[in-house]
Amino acid sequence: MDTESTYSGYSHYSGHSKKAHRQGSRDRHKSPRSKDGSRSEKSVTIQTPPAEPLLGNDASRAEEGQDDNWGETTTAITGTSEHSISQEDIARISKDLEDSVGLDCKRYLGLTVAAVLGLLVFLTPIAFILLPQILWRDDLEPCGTVCEGLFISVAFKLLILLIGTWALFFRQPKADIPRVFVFRALLLVLIFLFVFSYWLFYGVRILDSKDTNYQGIVQYAVSLVDALLFIHYLAIVLLELRQLQPMFTVKVVRSTDGESRYYSLGHLSIQRAALVVLENYYKDFTVYNPALLTASKSRAAKHMAGLKVYNVDGPGNNASGQSRAMIAAAARRRDSSHNELYYEEADHERRVKKRRARLVVAVEEAFTHIKRLQAEEQQKAPGEMMDPREAAQAIFPSMARALQKYLRTTRQQQYHSMESILQHLSFCITNNMTPKAFLERYLNPGPTLQYDRDRWFSKQWTLVSEEAVTSGLQDGIVFVLKCLDFSLVVNVKKIPFIKLSEEFIDPKSHKFVLRLQSETSV
């Protein structure tokens with residue numbers, strides 16, 4: 001089984017009885033496709049992309065022209081290349097090489113500055129206490145009970161500060177932002193100025209004069225640690241708590257298919273709001289499928305081709321009447337295009353429903369076979385039990401053809417390789433999941449996180465904004481997040497001020513009296 005090939009290799013499971021027919025058809029079909037389809041081991045091929053993204057008109061025409069029995073008479077020729085690169089990959093790699101040096105330097109420079117400053121902050125109170133003991137130990141006044149209790153206070157406060165700093169600042173970065181985080185930079189500057197001021201005062205008033213009041217020196221170190229704890233509380237307010245209250249509603253629209261979502265955000269800068277939008281995009285938006293756009297493009301091109309007018313009498317002759325007649329005929333053809341669109345969509349929905357029903361039946365029969373095999377395996381010895389991977393490989397050929405045809409009809413075949421389907425099938429068998437749970441991934445396109453990272457079509461983004469990306473969100477701001485294949489347009493609206501009033505209802509107003517007449521009609 002060639003697990004390196006994509007889902008186009010499902011026809012290898014069609015049975016042993018068709019190998020001879022397959023071998024003959026391969027010889028007949030090999031000549032027009034072997035130049036592009038068959039490649040040597042570990043070859044690098046640069047493929048020029050077509051006009052449409054990734055899947056051009058050839059895939060759509062092949063889909064339109066195939067019948068329901070195409071899998072029985074078609075041989076799929078797949079390459080065995082382990083490395084392939086396209087023009088989009090070259091553009092993406094070149095952009096990564098241009099930006100990686102600057103981003104890495106900026107990231108490591110920020111981490112280095114923060115680490116050095118944090119080390120200085122934690123060593124400063126300890127240095128304040130130890131320097132007098134090292135330099136003029138004999139001249140110091142004896143440290144009493146209160147002074148020794150301050151040692152314990154300093155130790156525990158530094159431990160609390162260390163844990164809080166680790167929880168707030170020492171996190172793995174989720175993304176690289178184009179500009180510095182303003183509040184984080186301000187906190188670093190504030191801490192530096194604060195520690196520098198303490199060192200300046202310590203050098204002038206304690207080191208130069210060699211103060212002998214050791215309890216006062218320890219108290220000075222305790223005041224530094226207390227001030228650092230208050231700065232840490234300020235960092236929590238600015239970095240975490242300030243953005244929790246929703247203040248803005250953003251509408252995110254994908255430029256290619258118009259899919260949109262709404263999110264509520266707090267006081268954030270434009271670049272941090274872009275990060276929140278992208279984090280939600282990967283889990284909320286359905287995966288971007290460029291193959292769904294080829295049908296509409298081919299239909300538009302066909303309709304535009306019907307509007308061409310040719311003057312057969314030459315430029316010198318007067319054929320305005322004939323030209324007007326041809327324009328009117330083209331206009332009538334254009335007006336009837338909605339009927340073509342209606343029947344095309346109706347026919348596509350019919351094919352999808354039919355192939356979906358075949359897929360559901362095939363999967364249910366395969367899972368029924370698995371239950372029967374499990375019942376038989378329970379009667380065998382423990383060493384002869386079949387593992388989930390072998391069970392998945394045993395039942396996969398019975399559903400492979402129906403699944404392949406359904407994924408081709410819905411244009412999802414590029415997102416599901418044969419190996420990923422086998423892994424998902426073995427996962428469902430291991431956890432005793434139903435056929436409906438197995439089909440959930442394939443019947444409806446899921447979010448981007450559901451698929452492999454190499455099939456996301458969106459890994460590096462560019463933020464385009466008229467305002468500075470470090471400025472805060474405001475009502476009416478529009479910014480765009482671009483990747484290689486599409487873009488996300490983000491429109492910011494402020495949540496309106498809501499005025500809520502109260503109206504008092506007298507409880508007695510709900511009371512009423514029901515009077516019944518003693519005489520009733522017969």
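All values derive from a computational prediction rather than experimental measurement.

Peer 1: Teacher, can you tell me more about the overall build of the protein chain here?
Peer 2: A count of helices and strands for the protein chain gives 14 helices and 7 strands. Per-residue burial for the protein chain yields a buried fraction of 31% across its 522 residues. Roughly 33,500 Å² of accessible area belongs to the protein chain as shown, and the carbon and sulfur atoms make up 58% of that amount.

Peer 1: Would you mind showing me how to read the UniProt feature "transmembrane region" (unreviewed entry) in the protein chain here?
Peer 2: Annotation from UniProt places "transmembrane region" (unreviewed entry) at residues 108-130, 150-169, 181-201 and 221-241. A distance of 31 Å separates the end C-alpha atoms of residues 181-201, which is 95% helix and 0% strand.

Peer 1: Is there a simple way to explain the sheet that holds strand β5 (residues 462-465) in this structure?
Peer 2: Within a sheet, adjacent strands bond to each other through the backbone by hydrogen bonds, running parallel or antiparallel. Read across the sheet, 5 strands follow the order β4-β3-β7-β6-β5 without closing on themselves; strand pairing throughout is antiparallel. This sheet does not close on itself; its edge strands, each paired only once, are β4 (260-265) and β5. Strand after strand, the sheet turns through a mean of 25° between neighbouring axes, direction not considered.

Peer 1: When you look at unusual backbone geometry in this model, what are you seeing that I'm missing?
Peer 2: The residue Lys210 is not glycine, and still its phi comes out positive at about 50°. By secondary structure assignment, the location of Lys210 is in the loop between α6 (182-207) and α7 (214-241).

Peer 1: What am I meant to see in the pattern of salt bridges here?
Peer 2: Pairing of side chains with opposite charge becomes possible as their charged atoms draw close. Counted by the stated rule, this structure contains 8 salt bridges. Ionic pairing is found between Asp226 and Lys157, a salt bridge with its closest N-O pair at 2.5 Å. Of this pair, Asp226 sits in helix α7 while Lys157 sits in helix α5 (residues 145-169), placing them 69 residues apart in sequence. Of the residues examined, Asp226 reaches a relative accessible area of 25% and is grouped as partly exposed. The exposure class of Lys157 is partly exposed, given its relative accessible area of 21%. Among the ionic pairs, Arg351 bridges to Asp347, the shortest N-O distance being 2.7 Å. Here Arg351 and its partner Asp347 are both found in helix α11 (residues 337-377), 4 residues apart, which amounts to about one turn of the helix. When its relative accessible area of 30% is taken as the criterion, Asp347 is described as partly exposed. Through salt bridges with shared partners, one network takes in Arg254, Asp257, Glu259 and Arg261.

Peer 1: What am I meant to see in the packing of aromatic side chains here?
Peer 2: Here a ring pair, both rings aromatic, is described through the centre-centre distance and the interplanar angle of the planes. A full pass over the atoms with the stated rule returns 20 aromatic pairs. Taking the centre distance of 5.5 Å and the plane angle of 35° together, the rings of Phe128 and Tyr220 count as tilted. Highlighted residues: Phe128 in helix α4 (residues 87-135) and Tyr220 in helix α7, separated in sequence by 92 residues. Side by side, Phe128 and Tyr220 carry an identical accessibility label, which is buried. Ring centres 5.9 Å apart and planes at 85° place the aromatic pair Trp199 and Tyr202 in the edge-to-face group. Pair noted here: Trp199 and Tyr202 are both in helix α6, with a separation of 3 residues, about one helical turn. Residue class for Trp199 comes out partly exposed when judged on its relative accessible area of 29%. Three or more aromatic residues joined by ring pairs make a cluster, and in this case those are Phe128, Phe194, Tyr198, Trp199, Phe201, Tyr202 and Tyr220.

Peer 1: Can you help me understand the packing of α6 against α7 in this one?
Peer 2: Axis angle and axis distance: for two packed helices, these are the angle between their axes and the distance between the axes, and together they describe the pair. The geometry of α6 relative to α7 is characterised by a closest axis approach of 11 Å and an angle of 170° between their N-to-C directions. One element, α6, and the other, α7, form an angle in the roughly antiparallel class. Contact with α6, carried on its side by Phe183, Arg184, Leu187, Leu190, Ile191, Phe194, Tyr198, Phe201, Tyr202 and Ile206, involves Ile217, Tyr220, Ser223, Leu224, Ala227, Leu228, Ile231, Leu234, Ala235, Leu238 and Leu239 of α7 and no other residues of that element. When its residues are assigned to classes, the contact of α6 with α7 shows 19 nonpolar, 1 polar and 1 charged.

Peer 1: Just to check I follow, could you spell out the packing of helix α12 (residues 388-409) against helix α13 (residues 418-430) for this structure?
Peer 2: Viewed as axis vectors pointing N to C, α12 and α13 meet at an angle of 125°, and their least axial separation amounts to 9 Å. Taken as axis vectors, α12 and α13 run oblique relative to one another. When you trace α12 past α13, the crossing you get is right-handed. Facing Pro388, Arg389, Ala391, Ala392, Gln393, Ile395, Phe396, Met399, Leu403 and Leu407 of α12, the residues of α13 in contact are Met418, Glu419, Ile421, Leu422, Gln423, Leu425, Ser426, Ile429 and Thr430. Grouping the amino acids of the contact of α12 with α13 by side-chain chemistry returns 13 nonpolar, 4 polar and 2 charged.

Peer 1: How should the state of the cysteines be read in this particular structure?
Peer 2: Formally, a disulfide is one covalent bond, and it connects the sulfur atom of one cysteine to the sulfur atom of another. Tallied over the full model, the rule gives 1 disulfide. Linked covalently through their sulfurs, Cys143 and Cys147 form a disulfide whose S-S length is 2.0 Å. Disulfide Cys143-Cys147: the torsion about the S-S bond is -115°, which places it as left-handed. On the basis of relative accessibility, which here comes to 0%, the residue Cys147 falls in the buried class.

Peer 1: For this particular structure, what's the right way to read the environment of Ala391?
Peer 2: Here Ala391 lies in helix α12. Distance from Ala391 to His369, taken between C-alpha atoms, is 9.9 Å for residues 22 residues apart in sequence. With residues up to four places along the chain from it excluded, the contact list for Ala391 reads Ile370, Met386 and Ile429.

Thresholds applied
Residues numbered from 1 in each chain as written. Predicted model: local features only at pLDDT ≥ 70, side-chain atom pairs only at ≥ 80, totals over all residues. Heavy atoms only, no water. Helix = DSSP H or I, 4+ residues; strand = E, 2+ residues; numbered from the N terminus. Buried < 20%, exposed > 50% of the residue type's maximum accessible area, 1.4 Å probe, protein only. Areas by Shrake-Rupley, 256 points an atom, 1.4 Å probe, with all protein chains shown as cover. UniProt positions renumbered as here; feature names shortened; annotations may be inferred. Pairing = 2+ DSSP bridges. Axes fitted to C-alpha atoms, helices over the stretch in contact; angles between N-to-C directions. Salt bridge = Lys/Arg side-chain N within 4 Å of Asp/Glu carboxyl O. Phe/Tyr/Trp six-rings, centres within 6.5 Å; stacked < 30°, edge-to-face > 60°. Parallel < 35°, antiparallel > 145°, perpendicular 65-115°, else oblique. Contact = heavy atoms within 4.5 Å. Nonpolar A, V, L, I, M, F, W, Y, C, P; charged D, E, K, R; others polar. Left-handed = near helix turned anticlockwise from the far one by under 90°. Disulfide = S-S within 2.5 Å.

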